[in-house]
Amino acid sequence: MTWETVIGLETHAQLSTAAKIFSGASTAFGAAPNSQAAAVDLALPGVLPVLNRGAVERAIRFGLAVGATIHRRSVFARKNYFYPDLPKGYQISQFEIPVVVGGSIGILSPSRGEMRVNLTRAHLEEDAGKSLHEDFHGMSGIDLNRAGTPLLEIVTEPDMRSADEAVAYARALHALVRWIGICDGNMQEGSFRCDANVSVRRTGATTLGTRCEIKNLNSFRFMQEAIDHEVRRQIELIEDGGTVVQETRLYDPDRRETRSMRSKEDAQDYRYFPDPDLPPLMIDEAWIDRVRGEMPELPEAMQARWRTAYALPAADAQALTASRELAAYFEVAARTAGGEARIVANWVLGDLAAALNRGGVEIAHAAVSANALAGLIRRIGDGTISGRIAKDVFEAMWQGEATGDDAADVIIARKGLRQIADVGAIEKIVDDALAANAAIVAEYKAGKEKAFNSLVGKVMAASKGKANPAQVNAILKQKLG
């Protein structure tokens with residue numbers, strides 16, 4: 001019998017406020033241990049939390065971005081548990097009435113195509129501190145710099161059916177929170193952390209299987225590996241006559257396997273109750289309207305516009321909206337190139353992306369500007385250079401051999417790369433190539449079609465890549481006819 005995987009994700013996005021959610025302490029990363037922990041974060045007697053307005057505003061922005069319901073009245077609760085890095089003995093979170101409910105995020109599933117992942121809720125909460133085990137020789141240190149850092153926990157419905165879909169959703173969410181400016185998305189620093197709830201069931205079953213939660217997946221690659229392993233583990237366990245136990249598991253990237261961490265807690269284990277130190281959070285229509293007016297065009301809306309205006313494939317449109325900076329680069333290049341948006345997309349996702357990866361730089365620091373790339377693509381379009389020569393010109397532009405919007409023109413002129421379009425000149429090169437490659441000509445006339453491509457290559461090599469490829473093909477066919 002076949003199996004179906006069921007996945008839901010819980011994501012903690014650290015909100016991009018300069019101060020913590022209930023104190024004025026800094027949220028900057030990398031400070032000396034316990035140097036950014038205020039009295040509220042340390043839970044000193046007599047201190048009271050004060051809600052950070054900026055954190056609420058970022059939650060509103062997220063709710064608007066995903067088409068969710070924003071509760072005009074939401075409540076903060078105490079989530080009670082003991083751990084050394086939680087000085088109060090409870091975490092301030094939201095339980096029964098979160099600030100954001102519902103909404104959805106569109107993804108492109110490798111197996112199911114375009115689909116939507118439904119969201120259950122998104123609620124505000126504070127982060128705990130951090131336990132440090134490596135440097136204390138049998139003891140643990142406690143760093144409370146993260147205590148009180150504002151988080152938005154975003155919870156999905158169990159809508160995903162493969163690790164590929166989970167990663168596609170996580171990438172889309174990661175792009176969205178960065179796009180609307182509520183989170184920097186830095187996974188290495190813990191700003192964007194995902195927990196995956198994974199279960200399996202027989203194909204056709206309507207009830208959910210017992211789920212296991214894989215905690216703190218801080219890279220898309222680890223998410224893929226962890227879910228794939230957990231699915232295999234659960235299926236093998238059931239097929240061998242065992243039973244899946246609801247528990248929390250950790251992923252070991254060195255062994256590429258999940259391992260048990262603790263039994264899974266339920267809500268009643270945390271004894272949630274409304275926080276008496278915090279009044280209900282009230283959000284009025286004027287506040288929501290103001291945030292709505294400040295929202296940028298969202299990735300999904302931009303993708304839909306590009307697919308109509310530029311006839312871009314869905315996968316290309318989605319890839320080009322991975323960040324606002326990348327989308328802005330493409331938009332400028334596409335408008336400047338003049339009717340060559342599909343070619344621009346190919347260049348941005350191909351040669352430009354490869355150059356960025358090789359150099360380890362972000363699109364904002366690309367050595368070739370959007371206008372300069374558009375100038376290069378115009379020269380391909382008007383026949384000044386071939387696509388093959390364009391790659392050499394791009395590399396010269398990337399190396400800084402010429403700068404400015406007209407860099408391509410400067411390099412083409414300086415290196416004499418203008419495409420040969422004169423019919424007589426091309427005929428002379430073709431005749432010479434045919435005479436020098438009689439054996440390949442004989443193969444073609446004997447019915448070997450691949451020999452034609454070899455002859456094209458010989459002509460292009462003889463012209464040092466400058467001959468117009470379309471004319472070369474036409475003249476060769478005429479002379480071989």
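None of these values were measured; they are calculated from a predicted model. (Residues numbered from 1 in each chain as written. Predicted model: local features only at pLDDT ≥ 70, side-chain atom pairs only at ≥ 80, totals over all residues. Heavy atoms only, no water.)

Novice: With reference to specific residues and values, describe the domain arrangement of the chain.
Specialist: With domains assigned, the chain is organised as domain 1 (10-201 + 264-287), domain 2 (297-415) and domain 3 (423-480). For domain 2 versus domain 3, the distance between C-alpha centres works out to 32 Å. (Domains from an automatic or database assignment.)

Novice: I'd like a description of the sheet that holds strand E16 (residues 273-274), backed by residues and values.
Specialist: Strand order in this open sheet of three strands is E5-E4-E16, and the pairing throughout is antiparallel. Because the sheet does not close on itself, it has two edges, and the strands there are strand E5 (90-93) and E16. (Pairing = 2+ DSSP bridges. Helix = DSSP H or I, 4+ residues; strand = E, 2+ residues; numbered from the N terminus.)

Novice: Tell me about the packing of aromatic side chains, residues and numbers included.
Specialist: For the structure shown, the criterion picks out nine aromatic pairs. Taken together, a centroid distance of 6.1 Å and an interplanar angle of 70 degrees make the contact between tyrosine 270 and tyrosine 272 edge-to-face. Taking NZ or CZ as reference, lysine 79 lies 4.5 Å from the ring centre of tyrosine 270, over its face. (Phe/Tyr/Trp six-rings, centres within 6.5 Å; stacked < 30°, edge-to-face > 60°. Lys NZ or Arg CZ within 6 Å of the ring centre and 35° of its normal.)

Novice: Describe the packing of helix H8 (residues 324-337) against helix H9 (residues 341-359), and please don't skip the residues or the numbers.
Specialist: Contact pair H8 / H9: the axes reach a minimum separation of 9 Å and the direction vectors enclose 135 degrees. As judged from the angle between their axes, H8 and H9 are oblique. The two elements H8 and H9 cross, and the hand of that crossing is right-handed. The segment H8 lies against H9, with Leu326, Tyr329, Phe330, Ala333, Ala334 and Ala337 engaging Ala341, Val344, Ala345, Val348 and Leu352. A class-by-class count of the residues in the contact of H8 with H9 yields 11 nonpolar, no polar and no charged. (Axes fitted to C-alpha atoms, helices over the stretch in contact; angles between N-to-C directions. Parallel < 35°, antiparallel > 145°, perpendicular 65-115°, else oblique. Left-handed = near helix turned anticlockwise from the far one by under 90°. Contact = heavy atoms within 4.5 Å. Nonpolar A, V, L, I, M, F, W, Y, C, P; charged D, E, K, R; others polar.)

Novice: Lay out the pattern of salt bridges with the relevant residues and their values.
Specialist: Applying the stated criterion across every chain, the model contains 34 salt bridges. As a salt-bridge pair, arginine 78 and aspartate 277 come within 3.0 Å of each other at their nearest N and O atoms. Highlighted residues: arginine 78 in strand E4 (residues 77-80) and aspartate 277 in the loop between E16 and strand E17 (281-282), separated in sequence by 199 residues. When its relative accessible area of 31% is taken as the criterion, aspartate 277 is described as partly exposed. In this structure, the salt-bridge partner of lysine 428 is aspartate 432, at a minimum N-O distance of 2.7 Å. Of this pair, lysine 428 and aspartate 432 both sit in helix H13 (residues 423-436), four residues apart, which is roughly one turn of the helix. Via salt bridges that share partners, Glu230, Arg233, Glu247 and Arg249 belong to a single interconnected network. (Salt bridge = Lys/Arg side-chain N within 4 Å of Asp/Glu carboxyl O. Buried < 20%, exposed > 50% of the residue type's maximum accessible area, 1.4 Å probe, protein only.)

Novice: A description of the nonpolar core should follow, citing residues and the corresponding values.
Specialist: By size, the foremost hydrophobic cluster in this structure holds 115 residues, and its most contacted members are Phe62, Leu124, Tyr169, Phe330, Leu376 and Val393. Counting residues domain by domain, this core receives three or more from each of domain 1 (10-201 + 264-287) and domain 2 (297-415). When sequence neighbours within four positions are dropped, the list of residues in contact with leucine 376 reads Trp347, Ile385, Ala390, Val393, Phe394, Met397 and Ala408. Of all hydrophobic cores here, the second largest spans 18 residues; its members include Ala433, Val441, Ile475 and Leu480. (Core = buried A, V, L, I, M, F, W, Y, C linked by side-chain atoms within 4.5 Å.)

Novice: Tell me about helix H12 (residues 407-415), residues and numbers included.
Specialist: All of the buried residues in H12 are Ala407, Ala408, Ile411 and Ile412. In an axial view of H12, the angular spread of the buried residues amounts to 130 degrees, which keeps them on one side of the axis. In H12, the exposed positions that point more than 90 degrees away from the buried face belong to Ala413 and Arg414. Just downstream of H12, glycine 416 is the residue with a positive phi angle, here 60 degrees. (Arc of directions from axis to C-beta.)

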